[in-house]
Amino acid sequence: MASENGLGTSLLSNGSRAKTRNAFASSASVVLAVLLVLLAVFTKYTEKHQGDDDVQRYYTWYLHVAIMIFVGFGFLMTFLKHYSYSALGLNFFCSCIVILEALLVVGAVQQMWVEGHRKIWLDLPLMIDAAFCAGAAMITFGAVLGKVSPSQLMYLLILEVPLYAVNQHLVVDKLKALDVGGSITIHAFGAYYGLAASMVLSTAGSGVEHRKNGASYTSDMTAMIGTIFLWLFWPSFNGALASDPAALMPEAGGGQRQFLCVMNTILALLGSSIAAFASSSAFSGKFNMVHIQNATVAGGVAIGSAANLNFTPAGAVGVGVLAGVLSTAGLRQLTPAMERRFGLRDTCGVHNLHGLPGLLGGIVAAVVSWTSYGSNKGVMLAGHQQALHQGIAAVLTLTIAIVGGVVAATAVKVLTPKTQKLKSEHMFDDGQWWDIEQEDDTEPVL
């Protein structure tokens, strides 16, 4: 029997717990075996990007992106007072699965489908791209946090990767949309795929009314660690692939493009942070930790699509301010309204940190491409139609994410055995999945 605070022994009977454990172990083993076979058959190390200069160019950026995925997103989701082990642990596990799968799927789309290669050549730029895919998947995780079993989560994210790869190809390669920091293809895609999946997989009683769907003083502090790591490394996230030599063309402004990614993102984050504190105080009368954990970094999301564009520093700060206010207002007003009226249960509020700011990022890129075409024409691959292409890219991403999320979640729901489905009383609780040592508060006998 579990302790009253949900952090004791498992809530399942011993028989059910054994079935659940064995089902997850079997599923994970099969997935890993398939990935190993595919890696053995279809991948080789690249014959390019192997020099010390290439490693120095890319590895630091990869490391910064990985820190965001494994530390930033992981700790940000520890705000649930009884679900911190799962937030960190499943973030870790699923990110590893998604990165391996993305090396295959994103690599196949970019190199085999588009370029006609017979093998996937693994290099550090592709590894960064795979980490970006994991970022989209962890955003999805935030929407269903605490409401699905580990097996359901794994399958949901595995099904997301091919959709992510195809959408990225259509938006970046076909439409030539601006999205260096992934406002559209990473943040908006991951958020709306997750929200659509949450509509299908969430059950009655899994919303804000659930007694374990809440934070404590300590869990809010650990979540703030995630916010700080995200805030510090977001300029690297937006600028990582701007280091690609292919992007350093004279007509695109040369190496200046990565400089712009970093500077625009820092300024946008400063703007969103100040706006988050101000708007949180205005809305609530006091600072709200949920607002501060999320809205302070919304500027990094909103500047992503336009991060490599040359516009004014004041404009970058302004984008951050808009994102900070939008995110705070969404957390304060929109999320409760959507749950109340439509039954949309968004555990982490990804709609307000990633969805809406991601769409705002697409709009910002469209506006800048229209108002500052002359100083950015080298990266405007769609020419004077760039703004139109940004709009089409956003609509296409929403369509693929929402339809794909519904279909994938329906498949997961239908095909998941009963032992892997959560009842309401088992949600938002680590005791279901983890061996947890009970704390002994008694004084030692001397």
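Before any of the text, the structure's been laid out above.
Just so you know, these numbers come straight off a predicted model, no measurement behind them.

Caption draft 1: The overall build of the protein, seen in detail. Tallying secondary structure elements over the protein gives 14 helices and two strands in all. Within the protein, buried positions represent 55% of all 446 residues. Nonlocal contacts in the protein, meaning residues at least 24 apart in sequence, comprise 83% of its contacts between residues at least 6 apart. Total accessible area on the protein stands at roughly 19300 Å², and carbon and sulfur atoms take up 65% of it.

Caption draft 2: View of the packing of aromatic side chains. Under the criterion given, the structure shown has 10 aromatic pairs. Look at Tyr164 and Phe189: their rings are 6.1 Å apart centre to centre, the planes differ by 70°, and that puts the pair in the edge-to-face class. Of the two residues, Tyr164 sits in helix H5 (residues 150-174) while Phe189 sits in helix H6 (residues 183-201), which places them 25 residues apart along the sequence. In terms of burial, Tyr164 and Phe189 fall into one category: buried. Ring pairing ties together the aromatic residues Phe132, Trp234 and Phe237, which thus form one cluster.

Caption draft 3: Quick peek at the pattern of salt bridges. Under the counting rule described, the total for this entry stands at two salt bridges. Taking the shortest distance from any N to any O, the salt bridge between Arg57 and Asp54 comes out at 2.9 Å. Taken together, the residues Arg57 and Asp54, both in helix H2 (residues 52-76) and three residues apart, mark about one turn of the helix. Judged by relative accessible area, which is 16%, Asp54 ranks as buried. The closest approach of N and O atoms between Asp429 and Lys212, which form a salt bridge, is 2.5 Å.

Caption draft 4: Focus on unusual backbone geometry. The backbone phi angle of Lys176 is positive, close to 60°, even though this residue is not glycine. Examined against the element boundaries, Lys176 turns out to sit in the loop between H5 and H6. Here Phe428, not a glycine, exhibits a phi torsion of approximately 60°, which is positive. Along the polypeptide, Phe428 turns up in the segment after helix H14 (386-415). Residue classification places Phe428 among the buried positions, given a relative accessible area of 0%.

Caption draft 5: The arrangement of the packing of H6 against H14 in detail. At a minimum axis separation of 7 Å, H6 and H14 run at an interaxial angle of 35°. Considering how the two elements wind past one another, H6 and H14 form a crossing that is right-handed. Residue composition of the contact of H6 with H14, by class: 18 nonpolar, five polar and one charged.

Caption draft 6: Representation of the nonpolar core in the model. The biggest cluster of nonpolar side chains holds 106 residues, and the ones touching the most others in it are Leu145 and Leu156. Broken down by element, this core gets its largest block of residues, 15 residues, from helix H4 (residues 124-144). The residues touching Leu145, leaving out its near neighbours within four places in the chain, are Met77, Phe79, Leu80, Tyr83, Ala87, Thr347, Cys348 and Phe428. Val171, Leu175, Ile184 and Ala393 belong to the second largest nonpolar core, which has five residues in total.

Caption draft 7: Up close: H2. The terminal C-alpha atoms of H2 lie 34 Å apart, and with 25 residues this matches the ideal 36 Å at 1.5 Å per residue to within 8%. The largest bend along H2 measures about 30° and falls at Met68. By the burial criterion, the buried members of H2 are Asp54, Tyr58, Trp61, Tyr62, Val65, Ala66, Met68, Ile69, Gly72, Phe73, Gly74 and Leu76.

Caption draft 8: A look at the environment of His82. As for its position among the elements, His82 is in the loop between H2 and helix H3 (84-114). Under the relative-accessibility criterion, His82 is labelled buried at 12%.

Caption draft 9: The arrangement of the side chain of Asn352 in detail. In this fold, Asn352 is placed in helix H12 (residues 350-371). Side-chain polar atoms of Asn352 contact the side chain of Thr335, separated by 2.6 Å. In this view, Asn352 contacts Ser327, Gly330, Leu331, Leu334, Thr335 and Pro357; residues no more than four positions away in its chain are not counted.

Caption draft 10: View of H6. For H6, built from 19 residues, the straight-helix expectation of 27 Å at 1.5 Å per residue is met to within 8% by its first-to-last C-alpha distance of 25 Å. Burial runs high along H6: 18 of the 19 residues are buried.

Caption draft 11: Focus on the packing of H2 against H3. Their axes nearest at 9 Å, the elements H2 and H3 cross at an angle of 145°. For the crossing formed where H2 meets H3, the hand is right-handed. Residue-level inspection shows Ile69, Phe70, Phe73, Gly74 and Phe75 of H2 in contact with H3, the latter providing Ala87, Leu88, Asn91, Phe92, Ser95, Cys96 and Ile99. Grouping the constituent residues of the contact of H2 with H3 by class yields nine nonpolar, three polar and no charged.

Reading guide: rules and limits
Residues numbered from 1 in each chain as written. Predicted model: local features only at pLDDT ≥ 70, side-chain atom pairs only at ≥ 80, totals over all residues. Heavy atoms only, no water. Helix = DSSP H or I, 4+ residues; strand = E, 2+ residues; numbered from the N terminus. Buried < 20%, exposed > 50% of the residue type's maximum accessible area, 1.4 Å probe, protein only. Contact = heavy atoms within 4.5 Å. Areas by Shrake-Rupley, 256 points an atom, 1.4 Å probe, with all protein chains shown as cover. Phe/Tyr/Trp six-rings, centres within 6.5 Å; stacked < 30°, edge-to-face > 60°. Salt bridge = Lys/Arg side-chain N within 4 Å of Asp/Glu carboxyl O. Axes fitted to C-alpha atoms, helices over the stretch in contact; angles between N-to-C directions. Left-handed = near helix turned anticlockwise from the far one by under 90°. Nonpolar A, V, L, I, M, F, W, Y, C, P; charged D, E, K, R; others polar. Core = buried A, V, L, I, M, F, W, Y, C linked by side-chain atoms within 4.5 Å. Expected span 1.5 Å × (residues − 1). Bend = angle between axes of the 7 residues up to and from the residue. Polar contact = N/O pair within 3.5 Å; in protein donor to acceptor, adjacent residues only side chain to side chain.

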